[in-house]
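# Close look at the chain arrangement
Given next are the chains, with one letter for each unit.
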Amino acid sequence: MKKIFLYGNWKMHMLPKEAESFCSELLSCSSEKRYDEKCIDIALFPPFISIAPVVRLLPENGIFKAGAQDGWYEDRGAYTGAVSMDMNRQIGCTHVLVGHSERRSIFGDTDDIVGRKLKQALQKGLVPVLCFGETLEQREAGQTLAILGKQLLAAWREIEADEIKGNGSYPGILLAYEPVWAIGTGRNAKAADAQEACAYSRQLFKEHFGDTMNCPVLYGGSVKDSNAAELLSQKDIDGALVGGASLKVGSFLAIYDNYRSASL
Ligand code: PGA
């Protein structure tokens, strides 16, 4: 069975106290279920205010990671409301989401800004999870793969293979294919369509950075226990970036458990 990357994007949910209870429950459930790091990698992406308790409560090594949902590309300065990649690192994050579709559509992150954030995350020693995906209009116009290619190549413009090769046992970057129309809508992509998009992205990654390069490719967009087994068993899907279903330990872990029991 392949290793699964189960990543929870809490978005603007979870106060520090709620994050603390979540972590205690997560730790007890996962030790009961005997998860180990060869099989699963779990990362939580709390809102900034709840990162510190998550970092404090999760063990430093092993299967659990803490990440930020975004980060600005300068270290310090007159950027009201922003938190830098450096600050994310200082507070104890190891990971960061870059280019989530809500950042792109609501907060105006262009391909250029996404590229700068990605570069800065890598320079600060964070493992970026680069999010990309097409809108419904683009899918219906048959432009999906062209759009994914455009977003990925723009983000990688300033990145060298050396910066993202990881350390042998852990990747230096992850990709998260998230079709915009599937995020928070309850309507996930068909497994075959998600597989096609993830396979294409992996192939493009190899063509761009070199044939020996690889990285985990996650699918995101209305992932839940009932569709997890089918999505996660696709050849080129290595995990899930989960929004709504990551807010409760039960529904979050059920995603992995359903995949695991279907694959036994
Ligand atoms: P969702 O969100 O699981 O609620 O669709 C996914 C995401 O935005 O990462």
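Our subject is the structure that appears above.
Residues numbered from 1 in each chain as written. Predicted model: local features only at pLDDT ≥ 70, side-chain atom pairs only at ≥ 80, totals over all residues. Heavy atoms only, no water.

This part is about the packing of helix α7 (residues 144-156) against helix α8 (residues 191-209). Close contact between α7 and α8 brings their axes to 10 Å; oriented N to C, the two are set at 40°. The handedness of the crossing between α7 and α8 comes out as right-handed. Counting all contacts with α7, which are made through Leu145, Leu148, Gly149, Leu152, Leu153 and Trp156, the residues of α8 involved are Glu196, Ala197, Tyr200, Ser201, Leu204, Phe205, His208 and Phe209. Taken together, the residues of the contact of α7 with α8 sort by class into ten nonpolar, three polar and one charged. (Axes fitted to C-alpha atoms, helices over the stretch in contact; angles between N-to-C directions. Helix = DSSP H or I, 4+ residues; strand = E, 2+ residues; numbered from the N terminus. Left-handed = near helix turned anticlockwise from the far one by under 90°. Contact = heavy atoms within 4.5 Å. Nonpolar A, V, L, I, M, F, W, Y, C, P; charged D, E, K, R; others polar.)

The local shell around the ligand holds 13 residues, among which Lys11, His100, Glu178, Gly184 and Ser222 are the closest. Between the ligand and the protein, one listed contact pairs an oxygen atom with a side-chain N or O atom of His100 at 2.7 Å. Between the ligand and Gly243 there is a distance of 2.8 Å, counted from an oxygen atom to a backbone nitrogen or oxygen. Protein burial of the ligand: of its 280 Å² of free accessible surface, 94% is covered by the chains. Taken together, the residues of the shell around the ligand sort by class into four nonpolar, seven polar and two charged. (Near = heavy atom within 4 Å. Polar contact = N/O pair within 3.5 Å; in protein donor to acceptor, adjacent residues only side chain to side chain. Areas by Shrake-Rupley, 256 points an atom, 1.4 Å probe, with all protein chains shown as cover.)

Moving on: the packing of helix α9 (residues 225-232) against helix α10 (residues 249-263). One way to put it is that α9 packs onto α10 with a least axis distance of 8 Å and a crossing angle of 50°. Between α9 and α10, the angle falls in the class oblique. When you trace α9 past α10, the crossing you get is right-handed. For the pair α9 and α10, the contacting residues are Asp225, Ser226, Ala228, Ala229 and Leu232 in the first and Ala254, Ile255, Asn258, Tyr259 and Ala262 in the second. Taken together, the residues of the contact of α9 with α10 break down into seven nonpolar, two polar and one charged. (Parallel < 35°, antiparallel > 145°, perpendicular 65-115°, else oblique.)

With respect to burial, strand β3 (residues 64-68) is a largely interior element, five of its five residues being buried. The two faces of β3 match: Phe64, Ala66 and Ala68 on one face and Lys65 and Gly67 on the other face are all buried. By the bridge criterion, three bridges tie strand β2 (residues 40-45) to β3 in an arrangement that is parallel. Bridge pairing in β3 links Ala43 to Lys65. Note on the crossover from β2 through helix α2 (residues 51-57) to β3: the handedness is right-handed. For β3 and strand β4 (residues 95-98), the ladder comprises two bridges, and the chain directions are parallel. In the sheet register, Gly67 faces β4, and the bridge partner there is His95. Handedness of the β-α-β unit built from β3, helix α3 (residues 85-91) and β4 comes out right-handed. (Buried < 20%, exposed > 50% of the residue type's maximum accessible area, 1.4 Å probe, protein only. Pairing = 2+ DSSP bridges. Right-handed = clockwise from strand over helix to strand, strands pointing away.)

Turning to the pattern of salt bridges, a few remarks are in order. Scanning the entire structure with this criterion turns up 23 salt bridges. Where Asp41 meets Lys65, a salt bridge forms, and the shortest distance between an N and an O atom there is 2.6 Å. Residue Asp41 is found in strand β2, and its partner Lys65 is found in strand β3; the two are separated by 24 residues along the sequence. Judged by relative accessible area, which is 1%, Asp41 ranks as buried. The salt bridge partner of Arg139 is Asp193, with a shortest N-O separation of 3.8 Å. Taken together, the residues Arg139 in helix α6 (residues 136-140) and Asp193 in helix α8 connect sequence positions 54 residues apart. (Salt bridge = Lys/Arg side-chain N within 4 Å of Asp/Glu carboxyl O.)

This paragraph deals with the pairing of strand β8 (residues 239-242). Covered by surrounding structure in β8 are Gly239 and Leu241 together with Ala240 and Val242, the residues of both alternating faces. Bridge count for strand β1 (residues 4-9) against β8 is four bridges, and the pairing is parallel. Note that in β8 the partner of Gly8 across the bridge is Val242. Bridge count for strand β7 (residues 217-220) against β8 is three bridges, and the pairing is parallel. Opposite Gly220, over in β8, you have Leu241 as the bridge partner.

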